[in-house]
Amino acid sequence: MRVTLFDYGAGNLHSLSKALATEPGVEVHVEVDPRRAVDTDVLVLPGVGAFGLAAARLAQGRDTMRLALERGLPCLGICLGMQLLFDSSDEGAGKGLGYFAGHVQRLAARRVPHIGWNQVDEDSTLSGAKLDTVYYAHSYVCRVADPSLVTAWTTHEEDRFAAAVRRGKVVGVQFHPEKSSASGVAFVRAFLREVRS
């Protein structure tokens, strides 16, 4: 199974590639062109970085990538990658993919960024791996227009936000599974196994 990481000039590509490659039969590729990135079995939008810069790198292939997702291309968006699945962000100019309706806003909390381990509530994202405690490193969160698409929640101080969203074969997670120890890697592998089946 070919898994392609879209490289928008930032992101934690090395550890994420290692986590993806733990699933047998997976070949991980890195692609900088958003139009070529969709020629794959699974697309991954990595975390780490700023929305404006990532949206600018995405712009030339935004419509191509959005169409591929609408046609059923499996995708995993992580942290900033999840935010790119939404319409727009207060963090920077440019458009996201708009696959999920909603806007990205700064965390409503005294301590920002939110860095470290935190609990996940009401997780129903994947049947093969239940989330409990995961690792976060972010200042912005997705405000989802349709809360029924939120499959897991986390609270930082008084701000309850979407830890994970899902529509069809597209999953976005605000946390970093590649930094979330064995349970995070198990989540990534469960996603890949579900795609394969």
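Calculation rules
- Residues numbered from 1 in each chain as written.
- Predicted model: local features only at pLDDT ≥ 70, side-chain atom pairs only at ≥ 80, totals over all residues.
- Heavy atoms only, no water.
- Helix = DSSP H or I, 4+ residues; strand = E, 2+ residues; numbered from the N terminus.
- Rg over C-alpha atoms; globule rule 2.2 N^0.38 Å.
- Buried < 20%, exposed > 50% of the residue type's maximum accessible area, 1.4 Å probe, protein only.
- Contact = heavy atoms within 4.5 Å.
- Salt bridge = Lys/Arg side-chain N within 4 Å of Asp/Glu carboxyl O.
- Arc of directions from axis to C-beta.
- Polar contact = N/O pair within 3.5 Å; in protein donor to acceptor, adjacent residues only side chain to side chain.
- Pairing = 2+ DSSP bridges.
- Axes fitted to C-alpha atoms, helices over the stretch in contact; angles between N-to-C directions.

Engineer: Go over the overall build of the protein with me, naming the residues and quoting the values.
Structural biologist: Looking only at helices and strands, the protein features five helices and 12 strands. Expected size for 197 residues packed as a compact globule is a radius of gyration near 16 Å; at 15 Å, the protein falls within 12% of this value. In terms of overall dimensions, the protein has C-alpha extents of about 40 × 35 × 30 Å along its principal axes. By the burial criterion, 53% of the 197 residues in the protein qualify as buried. Partitioning the intrachain contacts of the protein with sequence separation of at least 6 by distance along the chain shows that 71% fall at a separation of at least 24.

Engineer: Tell me about the pattern of salt bridges, and please be specific about residues and values.
Structural biologist: Inspection of every chain in the model, using the stated rule, returns 14 salt bridges. One salt bridge in this structure joins Glu70 and Arg167, with 3.1 Å as the shortest N-O distance. Taken as a pair, Glu70 in helix H3 (residues 62–70) and Arg167 in strand S11 (residues 159–167) lie far apart in primary sequence, 97 residues in all. By relative accessible area, which is 38% here, Glu70 ends up partly exposed. The exposure class of Arg167 is partly exposed, given its relative accessible area of 26%.

Engineer: Tell me about H3, and please be specific about residues and values.
Structural biologist: For the α-helix, the turn length of 3.6 residues means that residues three or four positions removed from each other point alike. What H3 keeps buried is the set Met65, Ala68 and Leu69. Mapping the buried residues of H3 onto a view down its axis gives an arc of 100°, with all of them on the same face. Considering only its buried residues, H3 is in contact with strand S1 (2–6), strand S3 (42–45), helix H2 (51–58), strand S4 (75–78) and strand S12 (170–173). One or two steps after H3, the chain reaches Gly72, where phi turns positive at roughly 110°.

Engineer: Hey, could you go over the side chain of His114 for me, with residue numbers and the actual values?
Structural biologist: You can see His114 is positioned in strand S7 (residues 114–119). Among the polar contacts listed, one links the side chain of His114 to the side chain of Asn118, at a separation of 3.2 Å. Setting aside residues up to four positions removed in sequence, His114 forms contacts with Leu107, Tyr136, Ala137, His138, Thr154, His156 and Phe161.

Engineer: Outline the environment of His103, supporting the account with residue identities and numerical values.
Structural biologist: With respect to the helices, strands and loops of the structure, His103 is situated in strand S6 (residues 102–106). Sequence-wise, His103 and Cys142 are 39 residues apart; in three dimensions their C-alpha atoms are separated by 5.9 Å. Among residues more than four places away in sequence, those in contact with His103 are Phe86, Ser88, Ser89, Asp90, Val141, Cys142 and Arg143. There is a polar contact of 2.7 Å between the side chain of His103 and the side chain of Ser88. Here Asp90 takes part through its side chain, which lies 2.5 Å from a polar atom of the side chain of His103.

Engineer: Mind laying out the sheet that holds strand S2 (residues 27–31), listing which residues take part and the relevant values?
Structural biologist: Pairing in this open sheet of seven strands is mixed, and the strands run S2-S1-S3-S4-S12-S11-S10 from one edge to the other. Of all strands in the sheet, those with a lone pairing partner are S2 and strand S10 (150–156), marking the two edges. Strand-to-strand, the axes of this sheet are offset by a mean angle of 20°, without reference to chain direction. Across four bridges, S4 lies against S12 in parallel orientation. Looking at S12, one finds that Leu76 is bridged to Val171. In the packing of helix H1 (residues 13–21) onto the sheet, contacts are made with S1, S2, S3 and S4, and the angle to S1 comes to roughly 165°.

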